[in-house]
Amino acid sequence: MTTDFKALARAGVRTLAPYVPGKPVEELQRELGLERIIKLASNENPLGASPAVSEALQRVWKDVGRYPDGNGFALKAALSAFLDVPSECLTLGNGSNDVLELLARTFVDHDDEVVFSQHAFAVYPLVTQAVGGRPVVVPAQDYGHDLAAMAAAVTDRTRLMFIANPNNPTGTWVGRGALEQLLAAVPEQVIVVLDEAYFEYVEEADYPNGLTLLDRHPNLVVTRTFSKIFGLASLRVGYGVASATITDLLNRVRQPFNVNACAQAAAIAALRDNDFLAESRRVNREGMRQLAEGLRTLNLSAIPSVGNFITFHVDDAARIYDQLLRRGIIVRPVASYDIPDGLRVTIGTAQENRVFLRALEEILAGH
Ligand SMILES: *Cc1c(COP(=O)(O)O)cnc(C)c1O
């Protein structure tokens, strides 16, 4: 082999670090031969999904030989009613990550700039560099987005701005006033993507619902997902809400059958189960209290979070991550997010949280 294929890849891809997901349960089982594993690494819903979802999936099986509805008519109709937005403003994605990528492929040309925050979600640099765009990383303020600095980072070359509200892995969030100020400051030619993957978890009074800002800001795109509170992470389904014009553009580059039939049927069923949502929120609220308190008791400082996860600081994150793994507990190191002393833990069930806290206590005590 004499050809250097790496040199053939576009420059952005050559310098790209692949996304590192939370360690899968089966992988740790293979490695350590452990029976019981607690995975608190990927912000999944510890309750799984609504029982209505498995019923819906049973009904889809008989049709797996057929292509799914490429336009997702039924799911868009259900979302349209659920969110009170027109169907023509909805883009379905293979996870909301798919929608984030569609946005980059639609709007970002070679050397165009994409603005996002330090410590922000890993997919933003990924989709930016994959299309040859230039990431403009704005320093965070107390781990949160500095919206004034982000607005100031906009240049003639800026095409996109990503705002995660709340952000993963920090759990930090921006209030309505700050967001409105940013939208007023950013020129309309810059597409502002408001990533609301954890929207349904947030209970703060001043937390803005991005959908209410769409009318006044035609450059705004709001993305949400079924992977988090709805518990459908493995099915891959998310969506974007934007003007009909932007939605039409995204639809041109979208793969024809990007959301499979199981995902569509499951998402429709999930939207109907309000009780499951309320219960998920309750478990998360109580689990967040339990973990925050437990970490405080261990004298560990944590970044205040409104999501279903919390990032805390430890002296030797890699070692503690490893020792937790040995005890069958998977959390997420966040060194790649520029938080070298951080570990992110997803809020689990009360029992899972208890086991995690006890293990952490033992490890810190040197047992
Ligand atoms: C989990 C997450 C998503 C959602 O990813 P999916 O592709 O919908 O599973 C999007 N943005 C952020 C910030 C996330 O943490």
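Residues numbered from 1 in each chain as written. Predicted model: local features only at pLDDT ≥ 70, side-chain atom pairs only at ≥ 80, totals over all residues. Heavy atoms only, no water.

Q: Which parts of the structure should I look at to understand the site of the ligand?
A: Around the ligand, the neighbouring residues are G95, S96, N97, F121, N168, D195, A197, Y198, T225, S227, K228 and R236. In this structure, an oxygen atom belonging to the ligand sits 2.6 Å away from a side-chain N or O atom of Y198. Interatomic distance of 2.6 Å between a side-chain N/O atom of R236 and an oxygen atom of the ligand. Surface burial for the ligand is 94%, taken as the share of its 390 Å² of free accessible area covered by protein chains. Grouping the amino acids of the shell around the ligand by side-chain chemistry returns three nonpolar, six polar and three charged. (Near = heavy atom within 4 Å. Polar contact = N/O pair within 3.5 Å; in protein donor to acceptor, adjacent residues only side chain to side chain. Areas by Shrake-Rupley, 256 points an atom, 1.4 Å probe, with all protein chains shown as cover. Nonpolar A, V, L, I, M, F, W, Y, C, P; charged D, E, K, R; others polar.)

Q: How should I be thinking about the environment of A17 in this particular structure?
A: For A17, the location among the structural elements is in the loop between α2 (11-14) and α3 (25-32). For the pair A17 and L126, spaced 109 residues apart in the sequence, the C-alpha separation amounts to 7.9 Å. (Helix = DSSP H or I, 4+ residues; strand = E, 2+ residues; numbered from the N terminus.)

Q: Can you walk me through the sheet that holds strand β11 (residues 332-333) in this structure?
A: Think of a sheet as strands paired side by side through backbone hydrogen bonds, with each pair either parallel or antiparallel. Pairing is antiparallel in the open sheet, where three strands are placed in the order β9-β12-β11. Each having just a single partner strand, β9 (309-313) and β11 make up the two edges of the open sheet. Pairing of β9 with strand β12 (residues 342-346) involves five bridges; the strand directions are antiparallel. What sits directly across from I310, in β12, is V345. Relative to β9, helix α12 (residues 274-297) is tilted by about 5 degrees, and along the sheet it contacts β9 and β12. (Pairing = 2+ DSSP bridges. Contact = heavy atoms within 4.5 Å. Axes fitted to C-alpha atoms, helices over the stretch in contact; angles between N-to-C directions.)

Q: What is the right way to look at the packing of α12 against helix α14 (residues 350-364) in this model?
A: A pair of packed helices is captured by two measures, namely the crossing angle of their axes and the spacing between those axes. Running from amino to carboxyl end, α12 crosses α14 at an angle of 10 degrees, the nearest separation of the two axes being 10 Å. In terms of axis orientation, α12 runs roughly parallel to α14. In this structure, α12 uses G287, Q290, L291, G294 and L295 to contact α14, whose residues at the interface are A350, N353, R354, F356, L357 and L360. Classifying every residue of the contact of α12 with α14 by side-chain character gives six nonpolar, four polar and one charged. (Parallel < 35°, antiparallel > 145°, perpendicular 65-115°, else oblique.)

Q: Would you explain the pairing of strand β6 (residues 191-195) in this entry?
A: As a general feature of sheets, a regular strand has side chains that alternate between the two faces. Most of β6 sits out of view: five of its five residues are buried. What you see with β6 is no split at all: I191, V193 and D195 on one side and V192 and L194 on the other are buried throughout. Taken together, strand β5 (residues 158-164), helix α9 (residues 176-185) and β6 form a β-α-β motif whose crossover is right-handed. In this structure, β6 lies alongside strand β7 (residues 220-225), joined through four bridges in parallel fashion. Among the inter-strand pairings, V192 is bridged to a residue of β7, identified as L220. (Buried < 20%, exposed > 50% of the residue type's maximum accessible area, 1.4 Å probe, protein only. Right-handed = clockwise from strand over helix to strand, strands pointing away.)

Q: I would appreciate a short explanation of the environment of G240 in the present structure.
A: Summarising the element assignment, G240 is placed in strand β8 (residues 238-241). Accessibility expressed as a relative area gives 1% for G240, which makes it buried. Measuring from C-alpha to C-alpha, the distance between G240 and L343 comes to 29 Å, with 103 residues separating the pair along the chain. Sequence-distant contacts of G240, that is, excluding residues within four places in its chain, are made with C89, L90, T91, V99, V222 and T223.

Q: What should I look at first to understand the packing of aromatic side chains in this one?
A: Each aromatic ring pair is summarised here by two numbers: the centre-to-centre distance and the angle between the ring planes. Inspection of the entire model under this criterion finds eleven aromatic pairs. Geometrically, the ring pair formed by F121 and Y124 is edge-to-face, given 5.6 Å between the ring centres and 80 degrees between the ring planes. Residue classification places F121 among the buried positions, given a relative accessible area of 10%. Of the aromatic side chains, those joined through ring pairs into one cluster are F82, F226, F230 and Y239. The aromatic ring of F199 is capped on one face by R224, whose charged end is 3.6 Å from the ring centroid. (Phe/Tyr/Trp six-rings, centres within 6.5 Å; stacked < 30°, edge-to-face > 60°. Lys NZ or Arg CZ within 6 Å of the ring centre and 35° of its normal.)

Q: Please clarify how helix α5 (residues 73-83) should be interpreted in this entry.
A: Since there are 3.6 residues in each turn of an α-helix, residues three or four apart along the chain are aligned in direction. Looking at α5, one finds that the buried residues are L75, K76, L79, S80 and L83. End-on view of α5: buried residues confined to an arc of 140 degrees, all on one side of the axis. Exposed positions of α5 whose direction lies more than 90 degrees from the buried face are F73 and A81. Along its buried surface, α5 packs onto β2 (90-93), β7, β8 and α11 (261-272). (Arc of directions from axis to C-beta.)

Q: Honestly, the sheet that holds β5 in this entry has me stumped. Any pointers?
A: Strand order in the open sheet formed by seven strands is β2-β8-β7-β6-β5-β3-β4, and the pairing between neighbours is mixed. Unpaired on one side and paired on the other, β2 and β4 (134-138) mark the two borders of the sheet. Sheet twist, expressed as the mean angle between neighbouring strand axes with direction ignored, is 20 degrees. When β7 meets β8, the two strands line up antiparallel, connected through four bridges. Looking at the pairing, T225 lines up with G238 of β8. This element, α5, spans β2, β7 and β8 of the sheet and lies at about 125 degrees to β2.

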